[in-house]
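Understanding the architecture of this molecule
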Amino acid sequence: MSNRWGTVALSGVVALVAGFGGAALYHATGLGDAQTRSFLVANPDILPEMADALQRQDAEKRLAEAGDGVMQPFAGAVLGNPEGSKTLVEFSDYNCGYCRLARDHVEAVIAADPEVRVVVREWPIFEGSEQPARMALAAAKQGKFAEFHDALFAQDSRDDAAIARAGAVAGLDMERALSDAAGQDISVELANNQALAQQLGFGGTPSWVAGGQAFEGAVGQERLAEALDAAPDDGA
């Protein structure tokens, strides 16, 4: 790579990390010299570390802007200990295969720590997911969210028949649940979850908030537990 293109590449990194004002300072102060270039070429591991640091900083900023509301559940839409001092927020969709996989990770985290409460934010982004999400929140209004949540994920599909089977397993009053599912409060909750997910920069499910961090994917029990332990007890 020529010195010219090496300088351009390094400018891009500085612009990414410090903004384009930082790139201008990089040139003005002579940081684009051969010595600096050689150091970065000899230490390429710095570049992904810089990118990771930038991503964490951006996530922290978005989370601060979202405020405490992201940690507050729709009444009853909680797994684990409702009074637990460690809060894990999950943005979830019943038609998401990775959410189904992550269910086992969440259950393991709950089993390992009695102080964990999991706030489930229903975010129906897949086709056919809105009615299951609405019924889950309707189940929360009957105090049977966890039972319905688990029973629905255990079904092979998420159609009306599967919802009815999950409702029977959970012991729902189905007539009441169907009526509640169409309610304005549930519509507001789903719209709020969509807005929060966009504000946090999430691109899909499952997505998480814990320990002052916001991140995505079926990341496994260990990663979830690490995030929960990254901040003091929140006393939620």
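Just so you know, these numbers come straight off a predicted model, no measurement behind them. (Residues numbered from 1 in each chain as written. Predicted model: local features only at pLDDT ≥ 70, side-chain atom pairs only at ≥ 80, totals over all residues. Heavy atoms only, no water.)

With that out of the way, let us pick up the state of the cysteines. Within this structure, the stated rule accounts for 0 disulfides. Distance from the sulfur of C96, which forms no disulfide, to the nearest cysteine sulfur (C99) is 3.1 Å. By relative accessible area, C96 is classed as buried at 3%. The exposure class assigned to C99 is buried, which follows from its relative accessible area of 1%. (Disulfide = S-S within 2.5 Å. Buried < 20%, exposed > 50% of the residue type's maximum accessible area, 1.4 Å probe, protein only.)

So, about the pairing of strand β3 (residues 116-122). In terms of residue burial, β3 counts as a mostly covered element, since 7 of its 7 residues are buried. Inspection of the sheet shows strand β1 (residues 78-80) paired to β3 by 3 bridges, in the antiparallel sense. Within β3, the residue paired with V78 across the bridge is V119. For strand β2 (residues 86-92) and β3, the ladder comprises 7 bridges, and the chain directions are parallel. By the bridge assignment, S92 is partnered in β3 with E122. Assessed by its sense of winding, the connection that carries the chain from β2 through helix α5 (residues 97-112) to β3 is right-handed. (Helix = DSSP H or I, 4+ residues; strand = E, 2+ residues; numbered from the N terminus. Pairing = 2+ DSSP bridges. Right-handed = clockwise from strand over helix to strand, strands pointing away.)

For helix α8 (residues 160-170), the complete set of buried residues consists of A162, I163, A166, G167 and A170. For α8, the angular spread of buried residues about the axis comes to 140 degrees, placing them on one side. Residues of α8 that are exposed and point over 90 degrees away from its buried face: A168 and V169. Residues of α8 that are buried in the fold lie against α6 (130-141), α7 (145-153) and α9 (174-181). Backbone geometry just after α8 places G171 at a positive phi near 75 degrees. (Arc of directions from axis to C-beta. Contact = heavy atoms within 4.5 Å.)

All right, on to the confidence of the model for the chain then. Across the chain, the average pLDDT comes to 84, with 72% of residues at or above 70. Scored below 50 in pLDDT, residues 1-11 makes 13 contacts in the model with residues more than four places away or belonging to other chains. (pLDDT = per-residue confidence, 0-100.)

Of the residues making up helix α11 (residues 221-228), those classed as buried are L224, A227 and L228. Projected down its long axis, α11 shows its buried positions confined to an angular sector of 100 degrees, all on one face. For α11, the secondary structure elements touched by its buried residues are β2, α5, β3, β4 (207-210) and β5 (213-216).

The next subject is the sheet that holds β4. Spatially, the 5 strands line up as an open sheet ordered β1-β3-β2-β4-β5, and their pairing is mixed. Both outer strands of the open sheet, β1 and β5, are each paired with one neighbouring strand and no more. Taken over all neighbouring pairs, the strand axes of this sheet differ in orientation by 20 degrees on average, direction set aside. When β4 meets β5, the two strands line up antiparallel, connected through 4 bridges. Residue A210 lies in a different strand from β5, and its bridge partner there is Q213. Contacting β2 and β3, helix α10 (residues 184-199) runs over the sheet at an angle of about 100 degrees to β3. Its contacts with the sheet place α11 against β2, β3, β4 and β5, and it is angled at close to 165 degrees to β5. (Axes fitted to C-alpha atoms, helices over the stretch in contact; angles between N-to-C directions.)

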